[in-house]
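# Observations on the model geometry
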Amino acid sequence: MARVVFDNVSKHFGSVKAVDEVSFDISEGEFICLLGPSGCGKTTTLRLLAGLEQPTSGRISIGDRDVTDAKPKERDVGMVFQDYALFPHMTIAENIAYPLKVRGVGAHDRHARAEEVARSLGIELLLARRPGQISGGQQQRTSVARAVVHKPQVFLFDEPLSNLDAKLRVEARSFLKHLQTELGVTAVYVTHDQAEAMALADRIAVMESGRVVQMGAPLDVYRRPATTFVANFLGSPPMNLLPVGLELRNGGAVLRHDGFHVDVSGWREGLAQRFRDGDSLTLGVRPEHLQLAPAEADATVTGEVYTLEPLGPETLITCMIDGRLITARLFGDEPPALGKVAHFRVDPAHLDLFDEAGNRIAL
Amino acid sequence: MRLLGLVVSRAAFYAVAAVFACLFALPLVWLVFAPFDARANLFVRLPHPFTLANFGKVFANGFAVRALFANSIIQGVGAMLLVTLLATLMAYALSRAPIRGTDMLSYGLVLFSSIVTGTAAMVPLFLLIYAMGLIDTQLGVILVFTGGLLPAAVFIMRDFVDSIPRSYEESALVAGASPWRMFLDIALPIVRPGMMVVAVWTFVNVWGGFFVPFILLRSPTNMPASVAIYSFYTEGGTPIITLTTAYSLLYTIPVLVLYLFVNWRYGFRFFGGIKS
């Protein structure tokens, strides 16, 4: 268990800035997810922490120790790789015991410990087999067992669930969360799956083009995305983003789009300080904050129903509004039929506004 | 009619195939029968009268026995160990070093290596070995063979090393292994089939090599079997068939044993890939 600090860490590959001045501070026992699309630098960040890459600049520390220039073996971390990286010529028991073997633990002790860890992960019957003879889910557990067997200070996970099928993935997710809570070890977890990050993390760090654009508790990031990128990346389906014009007239404030308008007079003061009448903004609204409204109601978004996706407890309804698709999540309501016109009420309490650069406007 | 045509074409195919099979098989059959024949000639026939006396005469030739069971083995095994060890380390370095153009280097080396042990390079090689003071030494022969075979061996080994996912090595490093330990524990066992291929291939090349030892060695006590076989020629320069075949049969056995052992123990394949 240890604190992990990244202080202005950059990693350049030639002219490419894979990681660009990243700073964060992970508390003891915290579970952090690095979330972002492929190529955003999340895996490089993890590899920097593991010691598999050397930073171009900045400092990294684990516990009270500066490990910036330390070799991987001096960092006391355990890592689960995306392809599990189990050694094909060793048995499962030998694989699990390998970190103890290189630490000079005797054969008897290390196999006893490997068996103990294997039992706690439910793979004790596979110990004599080889990696090629067990299933993907079992390989994943073996890989986790190897990462925890020497009780490292920090766990590192590099998309460990991406090679599992959907059902197994959800199962393995709860198993990992349970394990981390039980062991209480600091964990850094890389994923491009926002649902996985939301489910597992104490805090999420959303990365884009080598930078951490937002870091916070999952629900905070979900509810108050710092940029349109975060808003778009988190949530399935993602937040609806619509370009709107700001009208500041007669003591009120209105966001106007071709097909609809929203009265935001309550925010007039804040908006008037920074924007002028006619400025372009981006309106963000989560699918679950669009509710069906009667046709005659005021301040509605109106569009033709484009697709309906019944998912059981909820139905996703996508409408075409001036060439843009917006999606609403309906619970219980009977949705309008395909091709019919649907009206949605937008609750101003659940709106997000972004400026032209895509940054959140705090109001 | 169609059936008849099919039968005829099949029969013709087997007839042609049989002729080719005989072309390749007959010399081998001859090699197996002739040593046991007291009056062997260049025709294939069952040994008549059957005898083991030819082998007795071969073993009475101390020069030839020493060549086969000492010199050939020393040169073959020496070059085999050196080539296998160096090729593995070089292939690993070429595969993992963050240097551009290592592929071109590998191809270039293979291309030029065919010259090194070839006849064209014999004069400069002779002068080089002479300058090093290694004329008439086993070491000189081993070094020349190693130099000539190494590029192709590196080329074969690279394919095996390239097939090891980097994550295997990285996970060993993160698990706490030093780079050298990681190489010994993870990379080496995975490329072992490749090392066996290279070892057998090197041994066979050196075992059958005639020109290099013939040029570089002087004293009869250093000659390998490929050169010593000439001691079974008459002074007029014609082979004594009974003795050359008996010696040849003995000469093939170590290679066969080595191949069969490696094939049984590790399987023989010329390409990389993880069999998990």
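Whatever comes next refers back to the structure up there.
For the structure given in this document, a descriptive report is provided here. (Residues numbered from 1 in each chain as written. Chains lettered and ligands numbered in written order. Predicted model: local features only at pLDDT ≥ 70, side-chain atom pairs only at ≥ 80, totals over all residues. Heavy atoms only, no water.)

## Thoughts on helix α3 (residues 107–120) of chain A
All names here are of chain A.
- If you check α3, its first and last C-alpha atoms are 20 Å apart, about what 14 residues at 1.5 Å a residue would give, namely 20 Å.
- Buried within α3 we find R110, R113, A114, V117 and A118. One side of α3 carries all its buried residues, which in axial view fall inside an arc of 140 degrees. Away from the buried face of α3 by more than 90 degrees, exposed residues H108 and S120 are located.
- Against α2 (92–102) and α4 (136–148) lie the buried residues of α3.
- Just past α3, the residue G122 takes up positive phi, approximately 75 degrees. (Helix = DSSP H or I, 4+ residues; strand = E, 2+ residues; numbered from the N terminus. Expected span 1.5 Å × (residues − 1). Buried < 20%, exposed > 50% of the residue type's maximum accessible area, 1.4 Å probe, protein only. Arc of directions from axis to C-beta. Contact = heavy atoms within 4.5 Å.)

## Describing the nonpolar core
- One finds F6, Y98 and L156 of chain A to be the most contacted residues of the largest nonpolar core, which totals 79 residues.
- Examining the composition of this core, we find that twelve residues originate from one element, helix α6 (residues 138–162) of chain B, more than from any other.
- With near-sequence residues (within four places) excluded, F6 of chain A lies in contact with V22, S23, F24, T45, L48, L49, R59 and I60 of chain A.
- By size, the runner-up hydrophobic cluster in this structure holds 46 residues, among which are L35, I92, F155 and L200 of chain A. (Core = buried A, V, L, I, M, F, W, Y, C linked by side-chain atoms within 4.5 Å.)

## A short note on the sheet that holds strand β8 (residues 186–191) of chain A
Residue and element names in this part refer to chain A.
- If you walk across this open sheet you meet the six strands as β6-β7-β8-β3-β9-β10, and the pairing is mixed. With partners counted over all chains shown, the strands left at the sheet margins are β6 (77–80) and β10 (211–216), one partner each. Taking the axes of each pair of neighbouring strands and ignoring which way they run, one obtains an average angle of 20 degrees across the sheet.
- Looking at chain direction, strand β9 (residues 203–208) and β10 are connected through five bridges and run antiparallel. Bridging across to β10, A205 finds its partner in M215. (Pairing = 2+ DSSP bridges. Axes fitted to C-alpha atoms, helices over the stretch in contact; angles between N-to-C directions.)

## Structural notes on the pattern of salt bridges
- Taken as a whole and assessed by the stated rule, the structure comprises 22 salt bridges over all chains.
- In this structure, R47 of chain A and E170 of chain B form a salt bridge, with 2.7 Å as the shortest nitrogen-oxygen distance. With one member in each of two chains, R47 of chain A in helix α1 (residues 42–50) and E170 of chain B in helix α7 (residues 166–175) form a pair that bridges those chains.
- Looking at E170 of chain B, the relative accessible area reads 15%, which means it is buried.
- Notably, a salt bridge pairs E288 of chain A with R329 of chain A, separated by 3.6 Å at the nearest N-O pair. Note that E288 of chain A is positioned in the loop between β14 (280–285) and β15 (290–292) and R329 of chain A in strand β18 (residues 324–330), a separation of 41 residues in sequence. (Salt bridge = Lys/Arg side-chain N within 4 Å of Asp/Glu carboxyl O.)

## Focus: the packing of α7 of chain B against helix α8 (residues 179–208) of chain B
All names here are of chain B.
- Close contact between α7 and α8 brings their axes to 9 Å; oriented N to C, the two are set at 145 degrees. For α7 against α8, the interelement crossing comes out right-handed. Judged by residue contacts, Y168, E169, A172 and L173 of α7 engage P179, M182, I186 and I190 from α8.
- Split by residue class, the contact of α7 with α8 holds seven nonpolar, no polar and one charged. (Left-handed = near helix turned anticlockwise from the far one by under 90°. Nonpolar A, V, L, I, M, F, W, Y, C, P; charged D, E, K, R; others polar.)

## Concerning the interface of chain B and chain A
- Residue-level contacts link 19 residues of chain B with 23 residues of chain A.
- Summing both partners gives a buried area of about 1,800 Å² for chain B against chain A, and 67% of it is carried by carbon and sulfur.
- When the area that chain B buries against chain A is broken down by residue, the three leading residues are E170, V174 and A175 of chain B, summing to 31%.
- Inspection of the chain B/chain A interface yields one salt bridge.
- At the junction of chain B and chain A, the tally comes to seven residue pairs in polar contact (both at pLDDT 80 or more).
- Broken down by secondary-structure element, the contributors of at least two residues to the side of chain B that touches chain A are α7 and α8 of chain B.
- For the side of chain B that touches chain A, the element with the highest residue contribution is α7 of chain B, accounting for eight residues.
- Residues that form the side of chain B that touches chain A fall into these classes: eleven nonpolar, five polar and three charged. (Buried area = accessible area lost by both parts, 1.4 Å probe. Polar contact = N/O pair within 3.5 Å; in protein donor to acceptor, adjacent residues only side chain to side chain.)

## Thoughts on the pairing of β9 of chain A
- Relative to β9 of chain A, strand β3 (residues 31–35) of chain A is paired through four bridges, and the arrangement is parallel. Residue pairing in the sheet places L35 of chain A in a bridge with V206 of chain A of β9 of chain A.

## Examining the pairing of strand β16 (residues 300–310) of chain A
Residue and element names in this part refer to chain A.
- Note that β16 and strand β19 (residues 341–346) share five bridges and pair antiparallel. Opposite E304, over in β19, you have V341 as the bridge partner.
- In terms of strand pairing, β16 meets strand β17 (residues 315–321) through six bridges, oriented antiparallel. Looking at β17, one finds that E304 is bridged to M320.
- Between β16 and the antiparallel strand that follows it, β17, lie four residues; G312 among them carries a positive phi value of about 105 degrees.

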